[in-house]
Structures are given as structure tokens and as C-alpha cells.
Amino acid sequence: MFARGLKRKYGDQEEGVEGFSTVPSYSLQRQSLLDMSLVKLQLCHMLVEPNLCRSVLIANTVRQIQEEMSRDGVWHGMAPQNAERAPIDRLVSTEILCRTARAADGEHPTPELEDGSLQISASELPIVSSAQGQRSPQSSLWEMDSPQENRGSFHKSLDHIFETLENKNPNSVEDLFSDVDSSYYDLDTVLTGMMSGTKPSLCSGLDGFTAAAPPPSSTCKSDLTELDHVVEILVET
Amino acid sequence: MGEDTDTRKINHSFLRDHSYVTEADVISTVEFNHTGELLATGDKGGRVVIFQREPESKNTPHSQGEYDVYSTFQSHEPEFDYLKSLEIEEKINKIKWLPQQNAAHSLLSTNDKTIKLWKITERDKRPEGYNLKDEEGKLKDLSTVTSLQVPVLKPMDLMVEVSPRRIFANGHTYHINSISVNSDCETYMSADDLRINLWHLAITDRSFNIVDIKPANMEDLTEVITASEFHPHHCNLFVYSSSKGSLRLCDMRAAALCDKHSKLFEEPEDPSNRSFFSEIISSVSDVKFSHSGRYMLTRDYLTVKVWDLNMEARPIETYQVHDYLRSKLCSLYESDCIFDKFECAWNGSDSVIMTGAYNNFFRMFDRNTKRDVTLEASRESSKPRAVLKPRRVCVGGKRRRDDISVDSLDFTKKILHTAWHPAENIIAIAATNNLYIFQDKVNSDMH
């Protein structure tokens, strides 16, 4: 679907979407949808006036995907370990993505992003349990001052988006991504079709990763490594 | 609207009488007044432009007048909320006319936060022959005044004056999406994402909150209000729609806070069509009562539905606006097009419904004959005085010569705002920054 009415031949479209002439698996598509949604939420955070209806709909979509993923046992690719957690606990924290510039310095997700792991958003972002009250001490993302605290407090629920909408802190796109390697956003623009403003670069980037994704099994392994890495950092702080 | 031939005449003989090009800004709302004599448009720049229909000439009593610009004024200016460090857009979200009670016209216009009541008056006479002032208004030398005269009213060029009579501010924390004037002509309501307030037209420092769906914990928020409207006849009834596709009819007599609905209209989900986008496409973007007050019209992303107020279980009619987009939902989600809010409209006799789509297409559905038509609002495709040609979107399979393929649709050309004259077959279509007014010269009366 191309916003400007560009005509594409069927063959081109196939190639762009699939990447390697294989039909993307359902879980791959689902994962890329999740990534896209998280990016959308993060971007709407940075707008001066986020559209609440849009944010709510995207957040609900994210929840649906996560619930389905946990039902399927593919959440984090480590179903057994997380078996004791209720599905709602596996709400992915968008807090990392929504970090202010000062907190974004040296955040561990960044290296993983550069690794090009498709699973990065799902596996990296820590699990939060707002239902179980394991909220981090900080009640509002935007009120955190110390990057140190930020690093240790991944535990923000998806739902905090809405609190932050009330305590808006407009951060420019540039601030948030100043520390991210811009080569990450080398995009496959064929996938996205629509280029407007700064949004497409991110969405396209993630789509680009979708196309280049490794098969699921190897992703599981990388998830494990990454999660260990997360745990290390948590323990250290 | 009886026979097929009549239907075809109505659908096909819409002429383009007048296209007013506003270079400056994207039109964000269109609204006829109660007689259809005036048409108001609001734009992203906070301006309101009012068009007036020229009176029919006595020589040709059956030819309808055209719409010309009547007045233009700046309704809202951009503001800055210092507390939240946010800009408040001046874009006019909605305009609603008040029923005319004297020579003046009044309308309510609103942006995200503030509603304003504007009074539009005409001045076509002015007094001349003052005793103390001369023609230019300068004080006369009293020694030259030898007799007294009574000033007389002399005709002058028509001047339309617009003045803000009321400013209803600070009533909303969230973005206002709807306003609706009550049939009692004394009150009106304004709805934002989470709350609905009731105002008295004469009182600006107070409003009553009648619906509040904000959860105690914002983290629990999963549903927002998307549109609301008062019943056209029953001043105690109003409806509001949600992002989950439900409609709630509320009775203000039941309680001060109408959080408990009197009726809940919800269609059960179709399990065969379920996807991650099901909820998003079920979100109702507009709700309109029929003129009769018996039905409601809702628009969600892919369909328009007619609901009978007496039946909550499901709509009585469902019309597909652009079902060919159902397989494209993922890309539409990515481009944010899936969040586009299309409006819908009834014709004066509630027999035809209309809504916009992409590629500057708009659709009309005849409820009686079940026929539908797709028309295009663009300068290229319709010369003045020409009859609009029906368009067709092909989804593969047989393709006719003038068909448009789904992949060639221009998703930046969206018709979100449309309005239908209350009594005649005249429609106003806002296509980005262009306003199109189409009239049906063949069948001017509503069937």
C-alpha cells in the first residue's frame, strides 16, 4: 500500500515484503507488528500532542500480541522459565524506548539494536508486572532525573504510557536517538511505502530487520544470551 | 426514492456547481445550518469560512442558487499550555450551528480545548444625517448647526459582522472531538477522549460533567470516547461512541453522571474476520442520529452501519465502504491510515447515507434500493456542470477501462468530512484543502 499512488509490479512487491522469496512465518509477522507498534507508541510520546485514541488503540494491539505470544509460549523464547508469571506480567516495557536523552546514554538496548537482532524489542525490554505491584519506585518516567536510576529501573509497564501522556515532556526525536547508531535505520523503504517526517525511518528500519530476520530457532538462543546480559546489568545496579 | 431510474438519476446527476479552493489550509470540518442556506467550513489554520446560497432568481424558480463566500474569520489561534509545555492546535475540530432565533446566525466552533460561540450579523443600512457629526464622523462646528434633523437609515453595501459572544474555556483536559447542540436550544455538550461536559449556552464559567470514563488508574485505560451527539428531538438523550466499537445511549434524567448507559449498542465480533487489527477497525469514528431520531449511523474504518434505537444487539444495516482494504490492514496500520477518522452523513429524508474514502472518493448508499455508488471529488475528473461519473475500484479479476486498482489508490487524498443539505440533494465534500459542492439538478427534492 503506497500512499502516493505509486504503481508497483506484483513481483517487486513480493520481493520487498518477503525479503528472500520465503513467506514470512506468522510469528515473524507478529513480532514485526509488535516492534512496529512499540515504535509507534514511542513516537507518539515524542509528539507534542499525542493522540490519545491512537495511543490507546496501539497499546491494546500490543497487549493482544503479547498475550497471544505468551499463550503460545514464545514470549522471550523461554516459556518454561516464565511459566509462573501471568500473561499480563509480560507486558513489554516501552520505557526503554521512551527514555529521555539523558537516560539513553549507554543504555544496554542500544548495542543489541545494533546487533540487528529481530527479537530485540521483545527480549530486551524487561518484564514488568504492574498487576503484581512490582512497579519501580519511580512513578513517572518523565520525573526520573538520574540515568543511574533509569538503568536499574526497566520495570515500567506499558501502561505507564498513559501516565506519561498526562505528564508530557516533549522530547525531540533527535534527543532520543542521538546515541543510537544511525546506520541502524538503513532502511528497506520498499516495505514501508510511505515516507513522511521522521516516522518512516524507524518503522522501515524495523521492517528491514523483519526481512533480514534469522530463523526462529537461532533467535531463541540469542534471546537467552541477551536476557543473561540484562540480568547481569540488573544485578550490577 | 422509489424506482431504480430515480436512484440512478440522483446518484449520477450530481453537478459540480462550485468549487472553492482554499490554498491555505486543510479543511477540518463542514456543516450546513438548519435551513441549508449557510455552509460553514473550519480549517487547520483556525479559520472559519461561511458560504451562503444565493437566493433563487424569480425568473427561473426551479434553478437552485450557488454558494458564495459570505464571511471569513479567524476563530481560534494557536495557544501554548505553559503548565504542560504543549502547543494547543488552532485546528477547528467541529462547527455546529445554533437554531436561528432572530436575524442573526450563531454557531459554535471548537478546537482541541476551547469552544467559542460566534454571532454573525448583517448590516445593510446605516444611519445618515447626524446632528453633531458630519459624514466622516468628525464633530461638527456647532455654530454651523442651524436646525435639527432626524437621522435616516440609508442602504449600504452588505457587511457581515462576526463577533465572539462566548468563550467556553478550561472545560477539557483531553482533546475535544465532538460538540452537539441540544434540541432545547439552551444547552450543548462537548466531548473529549474521556469526558463529556454539558454547558449552558449563556454560561461560560461552569459546565457539568455528564460522562467520565477516565479510569482511576490511567494505566487501566483501554477505551476512549470517539464521538457523541444529542438526540434530535429528545433533549434528555444522547449517544456516545467508543474506540471499541460500542455505542452508549444515555438518559440525563436517570442520573447526574451518565456513566451508566441506558442502552449499549454493540455488534458481536465476527470470529472469522479476527485479526490484530480487529479492534482498531471497529473503532467508531463518527455517529449521527437520523433526522427522524429513530436510527443512528456509525462509521468505522471499513463500514457504515445503521442502528435502530430499539435494537441493541446488532446494526440493522451494514454497508461496505472499501472492503478491499481488509487485506491491506497491516500496511495501513504502518502508515497510520488505519487511524483516519471518516465522518458520515444522512440525507434529509434518511434514505441515503454518505461517507468519504481514499483517493478523493466518496460513497453513497441508498437504504431502500440497496444500490451504492462511488464518486470522485477532483477538479480533473469533473468539469463544471458535468455529471459525476461513478468510479470503481477493481481488486483483480475483471477490470474495466476506467477502473482504479487498489494499489493505485492515493491514500493521502482522503475525504474525511462530508455534509448533506438538510432538505435538498446538495452535498459538500472537503477534499484536503478543496471544498466541493455538488447539486442534483435533476432531482432537487428529497425522496
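- As annotated in an unreviewed UniProt entry, chain B is Serine/threonine-protein phosphatase 2A 55 kDa regulatory subunit B from Mesocricetus auratus.
- Turning to chain B, the UniProt annotation filed under Sequence similarities (unreviewed entry) states: "Belongs to the phosphatase 2A regulatory subunit B family."

- As recorded by an unreviewed UniProt entry, chain A carries the name Cell division cycle-associated protein 4-like and is attributed to Mesocricetus auratus.

### Looking at the overall build of chain B
- Along its length, chain B carries 3 helices and 32 strands.
- Against the 2.2 N^0.38 benchmark of 22 Å for 447 residues, chain B shows a C-alpha radius of gyration of 24 Å, consistent with a compact globule.
- Considered along the principal axes of its C-alpha atoms, chain B spans approximately 95 × 55 × 40 Å.
- The 447 residues of chain B split such that 54% are buried.
- Pairs at least 24 apart in sequence give 54% of the contacts found in chain B among residues at least 6 apart.
- For chain B, the centre of its 57 positive side-chain charges and the centre of its 68 negative side-chain charges are spaced 3 Å apart.

### Regarding the packing of aromatic side chains
- Across all of its chains, the model carries 17 aromatic pairs over all chains by this definition.
- Through pairs of rings, three or more aromatic residues link up here, namely B:Tyr301, B:Phe342, B:Tyr358 and B:Phe411.
- When the ring centre of B:Tyr333 is taken as origin, the NZ or CZ atom of A:Lys40, which lies over that ring, is 5.4 Å away.

### Details of helix H3 (residues 52-71) of chain A
All names here are of chain A.
- Taking 1.5 Å of rise per residue, the 20 residues of H3 would be expected to cover 28 Å, and the 28 Å separating its terminal C-alpha atoms lies within 8% of that figure.
- With 18 of 20 residues buried, H3 lies mostly within the body of the structure.
- Where H3 begins, one side-chain oxygen reaches toward the backbone nitrogen of Cys-53, 3.1 Å away; that side chain belongs to Asn-51.
- Within two residues after H3, Gly-73 carries a phi angle of roughly 75°, on the positive side.

### Digging into the sheet that holds strand E14 (residues 195-200) of chain B
All names here are of chain B.
- One open sheet accounts for 4 strands, arranged E12-E13-E14-E15; its pairing is antiparallel. What marks the edges here is a single partner per strand, and that holds for strand E12 (176-181) and strand E15 (208-212). For this sheet the average axis-to-axis angle between neighbouring strands, irrespective of direction, equals 20°.
- Here strand E13 (residues 187-192) pairs with E14 via 5 bridges, running antiparallel. Opposite Met-189, over in E14, you have Leu-198 as the bridge partner.

### Observations concerning the sheet that holds strand E27 (residues 372-376) of chain B
Residue and element names in this part refer to chain B.
- One open sheet accounts for 4 strands, arranged E24-E25-E26-E27; its pairing is antiparallel. Where the open sheet ends on each side, the last strands, each with one partner, are strand E24 (344-346) and E27. Here the strands of the sheet are splayed against their neighbours by 20° on average, with no regard to which way each runs.
- Pairing analysis gives 5 bridges linking strand E25 (residues 352-356) to strand E26 (residues 361-366), with the strands arranged antiparallel. Its bridge partner being in E26, Ile-353 is matched across the sheet by Phe-365.

### Some points on the confidence of the model for chain B
All names here are of chain B.
- With 90% of its residues at a pLDDT of 70 or more, chain B has an overall mean of 89.
- Counting contacts from residues 1-19, a segment whose pLDDT is below 50, to residues more than four positions away or on other chains yields 75 contacts.
- The ipTM value of the predicted complex is 0.88, and its pTM value is 0.71.

### Brief notes about the nonpolar core
- The biggest cluster of nonpolar side chains holds 52 residues, and the ones touching the most others in it are B:Tyr301, B:Val304, B:Leu325, B:Leu332, B:Tyr333, B:Ile338 and B:Ile353.
- Every element with two or more residues in this core is listed here: helix H2 (26-46) and H3 of chain A together with helix H2 (278-282), strand E21 (295-299), strand E22 (303-308), helix H3 (329-334), E24 and E26 of chain B.
- Broken down by element, the residue count for this core peaks at 9 residues, all from H3(A).
- Grouped together as the second largest cluster of nonpolar side chains are 16 residues, B:Val352, B:Ala431, B:Tyr436 and B:Phe438 included.

### Points about the pattern of salt bridges
- According to the stated counting rule, one finds 28 salt bridges over all chains in the structure shown.
- With its nearest N and O atoms 3.4 Å apart, the salt bridge here joins B:Lys305 to B:Asp300. B:Asp300 shares its class with B:Lys305; the two are buried.
- Members of the salt-bridge network, linked through shared partners, are A:Arg30, A:Glu68 and A:Asp72.

### Side note on unusual backbone geometry
Residues and elements named next belong to chain B.
- Despite not being glycine, Asp-350 shows a phi value in the positive range, around 60°.
- Considering the arrangement of structural elements, one finds Asp-350 in the loop between E24 and E25.
- Judged by its relative accessible area of 9%, Asp-350 is buried.

### Considering a nonpolar patch on the surface
Residue and element names in this part refer to chain B.
- A cluster of nonpolar residues, Leu-132, Leu-139 and Leu-142, forms a patch on the protein surface that exposes about 360 Å² of accessible area.
- Relative to the assigned elements, Leu-139 resides in the loop between strand E10 (115-128) and strand E11 (152-168).
- Classification of Leu-139 by relative accessible area gives exposed; the value is 71%.

### Examining the side chain of B:Thr114
All names here are of chain B.
- Summarising the element assignment, Thr-114 is placed in the loop between strand E9 (105-110) and E10.
- For Thr-114, a relative accessible area of 9% corresponds to the buried category.
- Discounting chain neighbours no more than four positions away, the residues touching Thr-114 are His-76, Glu-79, Ser-109, Ile-167, Phe-168, Ala-169 and Ile-176.

### Side note on the environment of B:Ile281
Residues and elements named next belong to chain B.
- Considering the arrangement of structural elements, one finds Ile-281 in helix H2.
- Judged by its relative accessible area of 11%, Ile-281 is buried.
- Once the C-alpha coordinates of Ile-281 and Gly-245 are considered, the two residues, 36 residues apart in sequence, prove to be 8.4 Å apart.
- Those residues in contact with Ile-281 that lie beyond four places of it in its chain are Asp-300, Tyr-301, Leu-302, Arg-326, Leu-329 and Ile-338.

### Topic: the pairing of strand E32 (residues 434-440) of chain B
Residues and elements named next belong to chain B.
- The element E32 is largely enclosed, with a buried count of 7 among its 7 residues.
- Residues Asn-434, Tyr-436, Phe-438 and Asp-440 of E32 are buried on one face, and the alternating residues Leu-435, Ile-437 and Gln-439, pointing to the opposite face, are buried as well.
- By the bridge criterion, 6 bridges tie strand E31 (residues 426-431) to E32 in an arrangement that is antiparallel. Its bridge partner lying in E32, Ala-428 is registered against Ile-437.

### Considering the state of the cysteines
Residues and elements named next belong to chain B.
- Following the criterion strictly, the structure yields 0 disulfides over all chains and no others.
- In this model Cys-185 remains outside any disulfide bridge; the closest cysteine sulfur is found in Cys-235, 10.0 Å from its own.
- Judged by relative accessible area, which is 26%, Cys-185 ranks as partly exposed.
- The cysteine Cys-258 is free of any disulfide, with Cys-250 supplying the nearest cysteine sulfur at 5.4 Å.
- Residue Cys-258 is classed as buried on the basis of its relative accessible area of 2%.

Rules of the game
Throughout this document, residue positions are counted from 1 along each chain, in the order its sequence is written. Chains carry letters and ligands carry numbers; both start at the beginning, A for chains and 1 for ligands, and go up in the order they are written. Two thresholds apply to this predicted model, a pLDDT of at least 70 for residue-level local features and 80 or more for giving and counting side-chain atom pairs, whereas whole-chain, interface and lining totals are computed over all residues. Hydrogens and waters are ignored; side-chain quantities use all the structure's heavy atoms. UniProt positions are given in the numbering used here, feature names are shortened, and annotations may be inferred rather than shown by experiment. Numbering of helices and strands runs from the N terminus; a helix is a DSSP stretch of H or I covering at least four residues, while a strand is a stretch of E covering at least two. Only C-alpha atoms enter the radius of gyration; for comparison, a globular chain is expected to reach 2.2 Å times N to the power 0.38, where N is the number of residues. Exposure is judged per residue with a 1.4 Å probe applied to protein chains only, and the accessible area is read against the type maximum: over 50% gives exposed, under 20% gives buried, and values in between give partly exposed. It only takes one pair of heavy atoms within 4.5 Å for two residues to be counted as in contact. When charges are counted, neither His nor the chain ends are considered; positive counts come from Lys and Arg and negative counts from Asp and Glu. Charged side chains are reduced to one point each, which is NZ for Lys, CZ for Arg, CG for Asp and CD for Glu. What counts as a ring pair is set by centres within 6.5 Å for rings of Phe, Tyr and Trp (its six-membered ring), and what kind of pair is set by the plane angle: stacked under 30 degrees, edge-to-face over 60, tilted for all other angles. Distance and angle both matter: a charge sits over a ring if NZ of Lys or CZ of Arg is within 6 Å of the ring centre and within 35 degrees of the ring normal. The span expected for a helix works out to 1.5 Å for each residue beyond the first. Polar contact is defined as a pair of N or O atoms within 3.5 Å, subject to the rule that within protein one atom must be able to donate a hydrogen and the other to accept it, and that residues adjacent in sequence are counted only when both atoms are side-chain atoms. In this scheme, strands are said to pair when DSSP sees at least two bridges between them. Angles shown run from 0 to 180 degrees and are taken between the N-to-C directions of axes, each axis being a line fitted to C-alpha atoms and, for helices, limited to the stretch in contact. What pLDDT expresses is the predictor's confidence in each residue, scored from 0 to 100. What makes a nonpolar core is a set of buried Ala, Val, Leu, Ile, Met, Phe, Trp, Tyr and Cys residues whose side-chain atoms join them at distances within 4.5 Å. Salt bridges, as used here, are contacts in which a Lys or Arg side-chain nitrogen is within 4 Å of a carboxyl oxygen on Asp or Glu. Put simply, a patch holds well-exposed residues, over 30% relative accessible area, that have no salt bridge, with like charges counted together within 9 Å and Val, Leu, Ile, Met, Phe, Trp or Tyr side chains within 5 Å. Computed with the Shrake-Rupley method and a 1.4 Å probe, the accessible areas treat only the protein chains shown as cover for residues. By disulfide we mean two sulfur atoms from cysteines, separated by a distance within 2.5 Å.

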